[in-house]
Structure formats: structure tokens, C-alpha cells
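Coordinate analysis (summary)
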Amino acid sequence: MAEITDEDKTKQKIVIDVGDGAAIPSKEDVGLFTAWRVSFVGAVAIVAYLAIFNPDPYWEILKFLPDGILVTFQVTIAAIILALVIGLFTGLGRISKNRILNGIASLYVEIIRGIPLLVQLFYIYFALGRIVNVPAMASAIIAMSVCYGAYMGEIFRAGIESISKGQMEAARSLGMTSAQAMRHVILPQAIKTILPPIGNEFVALLKDSSLVSILAVSDLLRRGREFAAASFNYFETYTMVALVYLIITLFLSKLISIMENRVGVDK
Amino acid sequence: MVEMRDVYKYFGQLKALDNVSLDVHDGEKMVLIGPSGSGKSTLLRSINQLEKIDHGHIVVDGIDISDPETNINKVREEIGMVFQSFNVFPHKTVLENVNLAQVVVRKRSKKEASEISRELLNKVGIIEKVNEYPEKLSGGQQQRVAIARALAMKPKIMLFDEPTSALDPEMIGEVLDVMIKLAKEGITMIVVTHEMGFAREVADSVIFMDYGAIIEEGTPEHFFKNPIQERTKIFLNQIL
């Protein structure tokens, strides 16, 4: 997952920033920009070629997948929205001077980041399923957002801490409460720093959402599995599934980078 | 207007404020001078509780701000503060900078706030920049926006924390002019500054601090003609 700053800023100055979302192309980065083009155009061309010249089974597979794509998007979008909300409060908790709030937020981040997402999914669906019956789709969304909320929390914390202390002091000395200062002064400025890593998380979440196929959620990957199991066309099916994931993540990366340019993110 | 009694403030082992007591009367202009690290900024920042004191009492406009029951936000509404580093809000235009707290804190309508803002921006001589963002402004212009922003709350007292120290020399004058204009209108002011010309012209009283303590206080004439304390003499000799 994308780590944007180090825990201990004073000790480590060099931050190796390797996001695990698809590389988001920026205009200055000529090599990546062309790599993006090659893979995007290539993937679309291969899918089109296979579907047109090899309709059986490729066109059949392609027709079977859209329901899954829809579910993948539903899980991703619901989870990212929840994760943003959780992340905001976690980030605020992590910078809070209130020891209890700070403790809860820090504990949450430590625990969640220490457990693999797949295990969390199993845990919420199967282990908690013995106590309360949570539908598969809901537990998928809860698990994804609880997991990503922890990472979002760290992004929000770093973003808020990147705004100079004087801004908060100026707002407070005008009589604003800390909540008003946060809302009107700090967060609107922090959003510029926060947006790129959130974009990364969004793409990463979309890819990780394929894990929910182990629950009874018919996402893109599970639809592929269903098709493959019925037709025994494993190679063909998973080729298509992989290509569709690739096209979606590349497309989203591009969309996010356009959005960032609009907002004027300074990198 | 401001009353400080037996105030102590520590930063770890360091005594930032050492048994400070002072009175600022209604309408008084007080200038704080002293070497860097002498505690003058800490003293100023403790008046609106940007720094919490460890011991003693501070009463502002009849309200004891060292009392934990006091709603500090209410007190801060009455205290305008101007910082060395301006701290204008970079994501808001000049007009929005001055409007924000009026709307959020004073609950004025946007229209009412804008009228007050324009009047003040006119007063600080920056009305033609209302719709610019701060990054397009010089330091002196940003500081004048910050002054207008503080004045828009109609404060009873204004605190200035080295308002010209971060400015290029040619911009110091424009900010001091605004401050002198304000002083003549009779608002209570406490100013931390190295501008002795300003102190001479505007101050009713001058306080010299060193090592967190008040070493000497008096009128500007007293200070510049015959200071008593040895440390005051040395300091004034260095900067005049």
C-alpha cells in the first residue's frame, strides 16, 4: 500500500514512494506516459482481436463478465466512500491531543495494518458470521472499508500535518473552534496533498476487491471463475479477466491524473 | 483591558516567562522590546492563549482566561492577532480571507461581511486586490490583508507579533503606516517589534524583557533618554 511519509520524520529524510496502484502517468514522466499508452492500447486491441476473430469462447466470456464488473465497481465505490469517512476520523484521531481518541485511532491503524486483507475478509464473513449474520456483499464492503480506512487515516494525518502550524493559529486566534478551523482552513488546503495518494488507494482497492470473490460475491473475478468452471476454458477466461482488470485500472489511473491536474495538485 | 499577575511559563527546563505582571489599560499602546528568545512573543501569545501559562492569572476584558471554565474562543473573538509570518489563508482570495471568520464565527451574512471587508481593505490600502489569491501579493500586502482580517472581527485589542520582521525593508513602511493609523483611532494595542521609530512615535509605554522577565518599563522618553537598567542600555545601544 502507498506509504506517504515515514513515522519518524527526523530520522529518515529519504522516502521511497512506491505506490502499488497502477502507475499514474504524469506529463513530465515521458517513459511512464508511453508505457501507459502501450499497455492500454495493447490491452484493448488484444481484447478486440480475440473477441472478433475468436468469438468462441472469447466473445462468450466477454458477454459473461459485465455483471461482475458492475459488482466490482459497487464494492469498490461503496468501500472507498466508507474508507474516506473512516480515514478522516482516524486521521483526526491520530493528531488529537485527547489521549483516548488518539489511542483508539492508533490502535485501529496498528491492528488493521498488521492483518492481511484476505484474513480480515474471512474473519468478518466467517468468524463474525457465527454471531451476526452479515450478507456477503455487506461483509465484503465492511471488510474492505475497515482495512482501507486505516491506510486512509494515515494519509489524512500526513496531509493535515503538512499544513503549517501558523494556519491553525491564525484561524484559532480569529475565534474559530478547532473543528471550524479544520473544516474551513486546514482540510481545504490538505486536500491537495491528500488527493494523489487517495487516487492510488482507489486503484489499489479496486484490484484488492478481487479478493471478495472468495465470499459469495459475484465480482469480476468470480464471474470468470464461474465461466471457467462450467466451460473448462481456464486459460481463455483468466486471460480475459486479467485484461479487463488491466483496462479498468489503467483507465482509472488516467482519470485520476486528469482530476489531479484540474485541482492543481502540486507534486 | 489586560491584566497579568505572577505569570510563569516553562518550555521544558527553560523559563519562558518568569514572574511577569503587567497592566494594559483601555486604549493604551504598549510596545514590547528585547533580544530574541527573551519571552516577548510568548508573553503576547499567552494573552490569547496560543501559549498556555503554567502559573498565574491573565485577565482580558474582565474575563480570567487562565480559568479552565472560560470559553477561550469567545475571548479570542475580541483579540485580533497579527503574526510575523502573516498566515493568510492561501486557498482563499483576499476578500474571502477577511470574510471567513466574520461569517463562521460572528455569523454575519456574506453580504454584510463583504461590506465590512471592503471598507477595511480600503483602509489598509489594498482594495484593488480583493479578488486576488495571496500568492500574487507581496509580503507587505499579505500582512495588510492579515491586519484587515483581524480588524474585521471588531476586536477590542490588537496583538502584533513582530509584524514587520519577515518583510523586505521597502515594505516595512506600508505596514507601519497602517499600524500608526490604527493607533490614532484609539484601539488598545500590544506590539512586539524591533522598530524603535514606531515605539517612539506611537507607544504610551515600553517594556523591555530579557530571559523571560520584565527588566524595565516606562514611557518612550524614559527609555530612549535615560534607561536605568544596565541590560536595557546594552540592548538599546546594540539596536539604535
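Description of the structure in this document. (Residues numbered from 1 in each chain as written. Chains lettered and ligands numbered in written order. Predicted model: local features only at pLDDT ≥ 70, side-chain atom pairs only at ≥ 80, totals over all residues. Heavy atoms only, no water.)

Quick word on the packing of aromatic side chains
Overall, the coordinates contain nine aromatic pairs over all chains when judged by the stated rule. Seen from their ring centres, A:Tyr125 and A:Phe126 are 4.8 Å apart, and the 70 degrees between their planes marks the pair as edge-to-face. Classification of A:Tyr125 as partly exposed rests on a relative accessible area of 22%. An aromatic cluster is present here, built from A:Phe122, A:Tyr125 and A:Phe126 joined pairwise through their rings. Across from the ring centre of B:Phe89, 4.4 Å away, lies the NZ or CZ of B:Arg149, which sits over that ring. Note that B:Arg200 overlies the ring of B:Phe224, its terminal NZ or CZ placed 4.6 Å from the centroid. (Phe/Tyr/Trp six-rings, centres within 6.5 Å; stacked < 30°, edge-to-face > 60°. Buried < 20%, exposed > 50% of the residue type's maximum accessible area, 1.4 Å probe, protein only. Lys NZ or Arg CZ within 6 Å of the ring centre and 35° of its normal.)

Here's the deal with the sheet that holds strand β1 (residues 2–11) of chain B
Residue and element names in this part refer to chain B. Strand order across the open sheet formed by four strands is β2-β1-β4-β5, with antiparallel pairing between neighbours. Each end of this open sheet is capped by a strand with a single partner; those strands are β2 (14–24) and β5 (63–64). Inspection of the sheet shows β1 paired to strand β4 (residues 55–60) by five bridges, in the antiparallel sense. What sits directly across from Arg-5, in β4, is His-57. Together, β1, β2 and β4 form the strand contacts of helix α1 (residues 40–47), whose direction differs from that of β2 by roughly 60 degrees. (Pairing = 2+ DSSP bridges. Helix = DSSP H or I, 4+ residues; strand = E, 2+ residues; numbered from the N terminus. Contact = heavy atoms within 4.5 Å. Axes fitted to C-alpha atoms, helices over the stretch in contact; angles between N-to-C directions.)

What about the sheet that holds strand β6 (residues 79–82) of chain B?
Residue and element names in this part refer to chain B. With respect to topology, six strands assemble into an open sheet ordered β6-β7-β8-β3-β9-β10, the strand pairing being mixed. Both outer strands of the open sheet, β6 and β10 (213–218), are each paired with one neighbouring strand and no more. Taking the axes of each pair of neighbouring strands and ignoring which way they run, one obtains an average angle of 15 degrees across the sheet. Across five bridges, the pairing between strand β7 (residues 157–161) and strand β8 (residues 188–192) is parallel. When the bridges of β8 are listed, Ile-157 appears paired with Thr-188. The strands that helix α9 (residues 230–239) touches are β3 (29–33), β9 (205–210) and β10; relative to β9, the one it contacts most, it runs at about 100 degrees.

A few points about the interface of chain B and chain A
Taken together, the 23 residues of chain B in the interface contact 16 residues of chain A. Contact between chain B and chain A buries roughly 1,600 Å² in total, counting both sides, with carbon and sulfur atoms accounting for 61%. For the pair chain B and chain A, the interface holds five residue pairs in polar contact (both at pLDDT 80 or more). For the side of chain B that touches chain A, the secondary structure elements donating two or more residues are α2 (72–77), β6, α3 (94–104) and α5 (139–151) of chain B. (Buried area = accessible area lost by both parts, 1.4 Å probe. Polar contact = N/O pair within 3.5 Å; in protein donor to acceptor, adjacent residues only side chain to side chain.)

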